[in-house]
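For reference, the chains in residue letters:
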Amino acid sequence: MARGHGELRLGGAGVTGSGAGAARGTRVLVCECAGTMAANVDFGVVERGIAEDGGLVERRRVWCGREGRARLAELAEDGSGERLVFVGCSADSVAQRFGNLAALGLDLEVADVREGCSWVHGEDRTAVTDKALRIARAAVRFPAARPRPAAPAARADSVVVVGGGVAGIATATELARMGHHVDLVEREAFLGGYATRIGTAYPTNDCGACLPTIEEQSGVRRCLFRNAAVDHPNLAIWRRTEVQSVSGEPGGFEVTLRQLPNMVTQDCVDCGLCEKACAVTGPDGEHKAIYSELFDGRVRWAVDLGSCTFCGACAEACPVEAIDFTQSPRLATIRAGAIVAATGCDPAPAELVAHLGYPAERVLTQTEFALVLDEWEERLWLDRPPVGEVVMVQCAGSRDLRRLPYCSRLCCTIALKHAIRLRRLFPTTRVTICYLELRTLGTEGESWYTAARAAGVEFLRGSPPRVELDADNRPVVEVEDVGAGVKRVLRPDLVVLSTGFVPSADTERVAGVLGARLDAAGFVDVLDAKNRVTETSAEGVFVCGSASGPKSLAESSTQASAAAGQVHRYLTSTSRRLGVVPTIDGSRCVGCDVCTGACPFGAVSLVARPGDAPRPAGLRDDAMIAVLDADRCRACGICAAHCPELAIAHGLDDETLLGRVRTLVEGADHPVVGFVCAECAGAAFSLAGVRRDRYPENVRLVELPCLGRVSALHLVEAARLGAAGVFLAGCAEDRCQYRGGDRSAAEQIAVAVELLTEASNPIPIEQWHLCAAERHTVGRRLRTFCAHAEKLAGERAAGADPALAGIGGGSS
Amino acid sequence: MPLTARGREMLGSLPGVAPKTATDGIGCEIVRHEELCIGCGRCVKVCPSAAIAESALFDPLQLYDAPAGTTRGALASALRRIARHEPDGSFEVPDRVRTFRTIEFDRDRCLGCGACTRACPTGAVTARPVDGTGPGWLAATESFASAVPA
């Protein structure tokens, strides 16, 4: 089938821009760096070589001096539109020295012959000069697309916060006070979430309904349920509301909300006559079908839509006609510049602790026990302990590959809190905590542990595999006491299970609607576990609190403030991301859909091909075409590496990339090609260059935005050009700046190695994970790898059967 | 479903059939042109009878007739120049790599519906009228029925 696009010719002279004259319209600024490269680079040869290509060369002893800088300013402002290539130090050094000229419009492409060549090589002047010229030529002949100029951001000045727990409320109020409009969306009829429903909370031993206060009142905090804490003109609260769908772009989302009616209007005077009139019991048997739970300053009562029979008794009883059964569900679409997921977590479901006898009358979870403790405290006047012995089981269902594989972090402290409280209420009650390890970290955590010891709580190291019930329904706990080395049988009055926490029931759906990824445990995945903990994989979508993993109130509060700060920055930043956005060549794209799955950021989608779009010849009428969302795209190039049709031109398209490799490698003696990512590994290489760690000059470095740009084709082509070995240096393992780049590269390497092996011409191809801290290993790695690659090349040459060479090439 | 240009072309030669819709193509014999396949797997996704599957393996020989200007074609061009002999075996492909996979086509399960033909972005799957040597609509249906657990 004929494809309607120009062939990508490889290996021949046909690649565009590869010969003399390719550099017309390019001004090449050569810097001798004050003679620091004179020992091994002959700049006369470099200058003549570039001139042969047609480049206009300006050579100076030093460009970063006063005269050089003045000349650069002149070039930046002359408006000639000339391409400027700087041949001298590394991109990092150029940015440091000339960064302030960028404001004048100076845009330098960098050919690094200092840190990447002269400074790291020996005295062989011919070889090093040859390499320096190749580096300059590769940049001059094969221009990379330049980053687009910063475009002004048009972001809606409003935020949707999904989840009205403590994290969501704190973020929402913080943002409202910063002056942004906030829509706080809560699934339940009342705000507050778990933290406000579990009695007293760690670390302060009071309730979880505190919000920070800054200027509105004296004191340091205020109560969610008083003080009109959520009353702010910028804050709209949507109760019983779910996010149904999200469309639009980051910065300008269209959020469709579905709100179920409350049936009780704001006219309510909180008299409670309705509840007395109601004859229907609610779902969990705890309250009537019209009920009041937590008062957060607006409406105190709500009708439970699941159990209400709509008999109208409450409406008749209401003295102010505040019950309106004509309300119906409604859909609303609101605009939002950013969205915060604060969907929280839930205690682990019962089935995860079924092996520990749950649920039973005398087997409770810590969440339930918190409420029981509140009740016991009310009845303290009985002066008789309600129970004689309590056993708490830590890691109940947690850190168990068949149940919850992770540690929820909070359960140890919660158990200590309850154990201390119990001992203080009833000093004669025996409390034993069975634990594997107690994870109460930090100064605060340790003081809880010592306080528990002081309160007389007993600690038993060992985890009971199961809890049985005897004939009287009393729990029997068989546990191996690891400390004493004996098996013990405990017969307490009550077993309290310290269960872990799971993502809240709605997390998966909400994350799907928002386009945010989930981690292995099902929590919202954060963009970077170290320093972007309130951002998600979806641009403009933020996360805080337990939605990204179980958190204490203190951590949730910290995250809420952090998220508010991040959202504020996002909404008020004046320009969008710089960077090269790949383009998709419609005359090559066949709409095969491979790129959409490859993109880690969901920036590529498949759409119906417009009638006027270019198309490959012979394409079906109804074929689709891939389109890129420039605002989501982070320009890693992973899509380009996966494209089977070479249709995606990244800043470095395939012709440029392969052309550069060829310029650097062809005809060199046992060259070793290194693809280096511009992030962590780039920093390591740049710093290693400043250290002047020597390595052989047959190493040829090609800088890429991300290793994900590399495809099997580039590796095989490097081998064809005579590379003795190829290495790919990228970010630390699983720390790719673009999420998927390292894995993508590893897969492409696997394919390339197999292809070369099948062709009986294997070369060593390695992937290195480097960070800037590993700069001192770069030189040693390169020396070792070069020696290894050369040795293998020698063995291959010795073992080669000349009669076999070239077979399979006949049809080319 | 309206017919595509290729569908019209394909069905135009069917004896005694005036093709109006894609379903008129039912009973066609599916012909795969492996040299045009780019391994995107769209045919696998649309096949109603699971007759098409992505293999865990890839045979490098499939590269050798791929059109120039594609990744596979460019790879072939590079490999040919350095190969000491023709590739003689398939290799296992990492899980997430979709584009280097041999597509396995089980003719016995094929219904001849042509869904893969419509889904293929490169024209690597075509359909031709049953000429008596292919499975035919009835035989294919029976074979499919027997493959489905009762």
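Residues numbered from 1 in each chain as written. Chains lettered and ligands numbered in written order. Predicted model: local features only at pLDDT ≥ 70, side-chain atom pairs only at ≥ 80, totals over all residues.

Caption draft 1: Looking closely at the overall build of chain B. From N to C terminus, chain B includes five helices and six strands. When the helices and strands of chain B are read in sequence order from the N terminus, they spell out α-β-α-β-β-α-β-β-α-β-α. Classification of the 150 residues of chain B by burial places 47% in the buried group. Restricting the contact set of chain B to residue pairs at least 6 apart, pairs at least 24 apart contribute 77%. (Helix = DSSP H or I, 4+ residues; strand = E, 2+ residues; numbered from the N terminus. Buried ≥ 20, exposed ≤ 12 C-beta atoms within 10 Å, placed from the backbone. Contact = placed C-beta atoms within 7 Å.)

Caption draft 2: Seen up close, the nonpolar core. By size, the foremost hydrophobic cluster in this structure holds 152 residues, and its most contacted members are V87, A136, L715, V716 and A723 of chain A together with L75 and L79 of chain B. A per-element tally of this core places helix α4 (residues 125-141) of chain A first, with eight residues. Setting aside residues up to four positions removed in sequence, A136 of chain A forms contacts with V28, V46, I50, V87, A111 and V113 of chain A. With 69 residues, the next largest nonpolar core counts I237, F253, C278 and A563 of chain A among its residues. (Core = buried A, V, L, I, M, F, W, Y, C linked by C-beta atoms within 7 Å.)

Caption draft 3: Region of interest: the pairing of strand β5 (residues 158-162) of chain A. All names here are of chain A. By the criterion of burial, β5 is predominantly enclosed, with five of the five residues buried. Neither face of β5 is left uncovered, since the one carrying S158, V160 and V162 and the one carrying V159 and V161 both have all their residues buried. Judged from the five bridges that link them, β5 and strand β6 (residues 181-185) form a sheet pairing that is parallel. The residue of β6 that forms the bridge with V162 is V185. Handedness of the crossover joining β5 and β6 through helix α5 (residues 166-178): right-handed. In this structure, β5 lies alongside strand β17 (residues 338-341), joined through four bridges in parallel fashion. Of the residues in β17, the one forming a bridge with V159 is A338. (Pairing = 2+ DSSP bridges. Right-handed = clockwise from strand over helix to strand, strands pointing away.)

Caption draft 4: Highlighting the domain arrangement of chain A. Taken domain by domain, chain A consists of domain 1 (17-143), domain 2 (158-260 + 329-344 + 505-572), domain 3 (261-328), domain 4 (349-502), domain 5 (583-634) and domain 6 (652-797). A C-alpha centroid distance of 57 Å is found between domain 4 of chain A and domain 5 of chain A. (Domains from an automatic or database assignment.)

Caption draft 5: Unusual backbone geometry, seen in detail. All names here are of chain A. Along the chain, Y358 connects to P359 via a cis peptide bond; the corresponding omega equals -5°. As for its placement among the helices and strands, P359 is situated in the loop between β18 (345-347) and β19 (363-365). The phi angle at D734 is positive, at roughly 60°, despite the residue not being glycine. The topology assignment puts D734 in the loop between β37 (725-730) and α18 (741-758). Even without being glycine, S760 reaches a positive phi, approximately 55°.

Caption draft 6: Seen up close, the packing of helix α17 (residues 712-720) of chain A against helix α3 (residues 71-82) of chain B. Packing of α17 of chain A against α3 of chain B leaves a shortest axis separation of 9 Å and a crossing angle of 25°. Accordingly, the angle class assigned to the pair α17 of chain A and α3 of chain B is roughly parallel. Regarding α17 of chain A and α3 of chain B, the two cross each other, and that crossing is left-handed. In contact with A712, L713, V716, E717, A719 and R720 of chain A of α17 of chain A, α3 of chain B contributes T71, A74, L75, A78, L79, R81 and I82 of chain B. (Axes fitted to C-alpha atoms, helices over the stretch in contact; angles between N-to-C directions. Parallel < 35°, antiparallel > 145°, perpendicular 65-115°, else oblique. Left-handed = near helix turned anticlockwise from the far one by under 90°.)

Caption draft 7: View of helix α10 (residues 442-454) of chain A. Look at α10 of chain A: 18 Å from first C-alpha to last across 13 residues, which is about the 18 Å you get at 1.5 Å a residue. At the exit of α10 of chain A stands G456 of chain A, carrying a positive phi of roughly 90°. (Expected span 1.5 Å × (residues − 1).)

Caption draft 8: Highlighting the interface of chain A and chain B. In this complex, chain A contributes 44 residues to the contact, which on the side of chain B involves 40 residues. In the side of chain A that touches chain B, the residues fall into 21 nonpolar, eleven polar and twelve charged. (Nonpolar A, V, L, I, M, F, W, Y, C, P; charged D, E, K, R; others polar.)

Caption draft 9: Representation of the pairing of strand β25 (residues 486-490) of chain A. Residues and elements named next belong to chain A. Burial of β25 is sparse: only zero of the five residues sit out of reach of the surface. As defined by bridge partners, strand β24 (residues 475-481) adjoins β25 across five bridges and the pair is classed as antiparallel. Looking across to β25, one finds that E478 is bridged to V489. The loop that links β24 with its antiparallel partner β25 comprises four residues; one of these, G485, has a positive phi angle of about 75°.

Caption draft 10: Up close: the environment of A138 of chain A. All names here are of chain A. One can find A138 in helix α4. Owing to 20 C-beta atoms within 10 Å, A138 belongs among the buried residues under this scheme. As for A138 and R662, which are separated by 524 residues in sequence, their C-alpha atoms are 8.4 Å apart. Those residues in contact with A138 that lie beyond four places of it in its chain are R660, T663 and L664.

Caption draft 11: Looking closely at the sheet that holds β25 of chain A. Residues and elements named next belong to chain A. With antiparallel pairing, three strands are arranged side by side in an open sheet as β23-β24-β25. The open sheet has two free edges, formed respectively by β23 (467-469) and β25, since each of these has just one partner strand. Strand-to-strand twist in this sheet, taken as the mean axis angle between neighbours without regard to direction, amounts to 25°.

Caption draft 12: Representation of the environment of F523 of chain A in the model. All names here are of chain A. Positionally, F523 belongs in the loop between α11 (507-514) and β28 (526-528). Looking at F523, the number of C-beta atoms within 10 Å reads 24, which means it is buried. Beyond its immediate sequence surroundings of up to four residues, F523 is in contact with P503, T507, L518, A547, S548 and G549.

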